[in-house]
Amino acid sequence: MMKYRKYGLALLAMLLLGKPTLTKAQPSIPAGQVDVFMGLDFHYRDIFHNGRVYDILLNLTPGVKWNMGKGWQAAAQALVPVYNDYGERYKKVRLNMAVLSKEMHWKSRWFLKVSGGLFDNERYGLDLKGMYVVNRWLALEAQAGLTGYCSMAVDWEASTPERLTALIGADVYLSKWNTQFRARGGRFIYKDYGGIVEAMRHFNHCTVGVYGEYSNLGGSNGGFKVIVMIPPYKRRRHKINFRPASNFRLTYSMEGGYYGNRTYATDPEENEREGWFDRDAAHWGSNTMKPDFTSKERRRK
């Protein structure tokens, strides 16, 4: 699908003038709990051959997460088309993600997440994510995956998982301004080599960032991202919880190319604001801010 384009410039300018807040991290979700959630997947592209100014693709994204305890999590997500200008390939209800993952950490410095299953962007296979916290302002990151193509858009289409991807990079976090800089580079899922540099400002319940990238397949590109955490921010926890998706992401790209610097997510709610790891364990960067979501205590009679 094409990247998002031409949206939210006024929102970007407004949010960049805001003021951040700091506090301690929120607690992890207790073992054994299941979250059932609903999100929205929105895409549009500006092409003119069909008489429309924009083509729009709008999907509902129902999902489920099961926290199995000791770092294990099972997650799944489906795509349910609501409005489709993109054509026959995007009209079916289909499974988008089905992932089993295990997260580990040592001495609050080393973090590792192992995931296997069906990822987004029509990839499946195995994935490793790692982070090493050097100090309160610097962290090193790496990701490696062995994946294949897998799509249920028309019929069952799949290839052998032989595609190796590997990224390495660094994050710098300036806590006084809640500003984060990230640089990553390596081999992406379409066998191209490139790098991405991002600058992000974290606010209460929102993150705004700009990025620049280069790929030997897609050339140079840039744009901005907006990540909004969705209320309610105070929630009661039960064995089974029904809620909206945790966040909505919007990406603006100056170029409409699809194949340069592409990667995949291994969690239905993965986003740049929260990072790859449990925020109670990885107490670094934006995880040191006021938590977006807190649990209400049950009233005792």
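Residues numbered from 1 in each chain as written. Predicted model: local features only at pLDDT ≥ 70, side-chain atom pairs only at ≥ 80, totals over all residues. Heavy atoms only, no water.

What follows covers a positive patch on the surface. A contiguous patch of positive charge, built from Lys-234, Arg-236, Lys-290 and Lys-296, is present on the exposed surface. Exposure remark for Lys-234: the relative accessible area of 58% places this residue in the exposed category. (Patch = residues over 30% accessible without salt bridge, like charges linked within 9 Å, V, L, I, M, F, W, Y side chains within 5 Å. Areas by Shrake-Rupley, 256 points an atom, 1.4 Å probe, with all protein chains shown as cover. Salt bridge = Lys/Arg side-chain N within 4 Å of Asp/Glu carboxyl O. Lys, Arg positive; Asp, Glu negative; His and termini not counted. Charge placed at Lys NZ, Arg CZ, Asp CG, Glu CD. Buried < 20%, exposed > 50% of the residue type's maximum accessible area, 1.4 Å probe, protein only.)

Bringing the nonpolar core into the picture now. Note that soluble globular proteins tend to have their nonpolar side chains buried in a common cluster. Core analysis: the biggest nonpolar cluster contains 11 residues, these being Phe-111, Met-131, Val-133, Ala-139, Tyr-173, Trp-276, Phe-277, Ala-281, Ala-282, Trp-284 and Met-289. Apart from residues no more than four positions distant in its own chain, Phe-277 is found in contact with Glu-103, Phe-111, Leu-112, Lys-113, Lys-129, Gly-130, Met-131, Ala-282 and Asn-287. (Core = buried A, V, L, I, M, F, W, Y, C linked by side-chain atoms within 4.5 Å. Contact = heavy atoms within 4.5 Å.)

Next up on the list: unusual backbone geometry. With an omega of 10°, the peptide bond running from Pro-231 to Pro-232 counts as cis. Tracing the backbone through its elements, the reader meets Pro-232 in the loop between strand 13 (219-229) and strand 14 (234-236). For Glu-122, which is not a glycine, the phi torsion comes out positive at approximately 60°. Inspection of the secondary structure puts Glu-122 in the loop between strand 5 (110-119) and strand 6 (123-133). Using a relative accessible area of 27% as the deciding quantity, one classes Glu-122 as partly exposed. (Helix = DSSP H or I, 4+ residues; strand = E, 2+ residues; numbered from the N terminus.)

A separate point is the packing of aromatic side chains. What the rule picks out here adds up to 6 aromatic pairs. Centroid distance Phe-111 to Phe-277: 5.7 Å. Interplanar angle 40°. Geometry classified as tilted. Taken together, the residues Phe-111 in strand 5 and Phe-277 in the loop between strand 16 (247-253) and strand 17 (294-296) connect sequence positions 166 residues apart. For the pair Phe-111 and Phe-277, a shared accessibility class is recorded, and that class is buried. The interplanar angle of 35° and the centroid separation of 5.9 Å between the aromatic rings of Tyr-233 and Phe-293 together place this pair among those described as tilted. Here Phe-293 lies in the loop between strand 16 and strand 17 and Tyr-233 lies in the loop between strand 13 and strand 14, a separation of 60 residues in the sequence. (Phe/Tyr/Trp six-rings, centres within 6.5 Å; stacked < 30°, edge-to-face > 60°.)

Attention now moves to the side chain of Ser-101. In this structure, Ser-101 sits in strand 4 (residues 94-106). With residues up to four places along the chain from it excluded, the contact list for Ser-101 reads Gly-71, Trp-72, Gln-73, Lys-113, Val-114 and Ser-115.

Next up on the list: the pattern of salt bridges. Tallied over the entire structure, the rule returns 14 salt bridges. Linking Asp-292 and Arg-273 is a salt bridge whose minimum nitrogen-to-oxygen distance equals 3.0 Å. Taken together, the residues Asp-292 in the loop between strand 16 and strand 17 and Arg-273 in the loop between strand 16 and strand 17 connect sequence positions 19 residues apart. Taking relative accessible area as the criterion, Asp-292 reaches 3% and is therefore assigned buried.

Bringing the pairing of strand 11 (residues 193-203) into the picture now. With 9 bridges joining them, strand 10 (residues 179-187) and strand 11 adopt antiparallel strand pairing. Along strand 11, the bridge assignment pairs Thr-179 with Arg-201. By the bridge criterion, 10 bridges tie strand 11 to strand 12 (residues 206-215) in an arrangement that is antiparallel. When the sheet's bridge partners are listed, Glu-198 is paired in strand 12 with Tyr-211. Taken together, strand 11 and the strand that follows it, strand 12, pair antiparallel across an intervening segment of 2 residues, in which His-205 is found at a positive phi of about 70°. (Pairing = 2+ DSSP bridges.)

This brings us to the environment of Tyr-173. Along the chain, the position of Tyr-173 falls in strand 9 (residues 163-174). Tyr-173 sits in the buried class, given a relative accessible area of 2%. Each C-alpha atom, one on Tyr-173 and one on Trp-284, is 8.4 Å from the other, the two residues being 111 residues apart in sequence.

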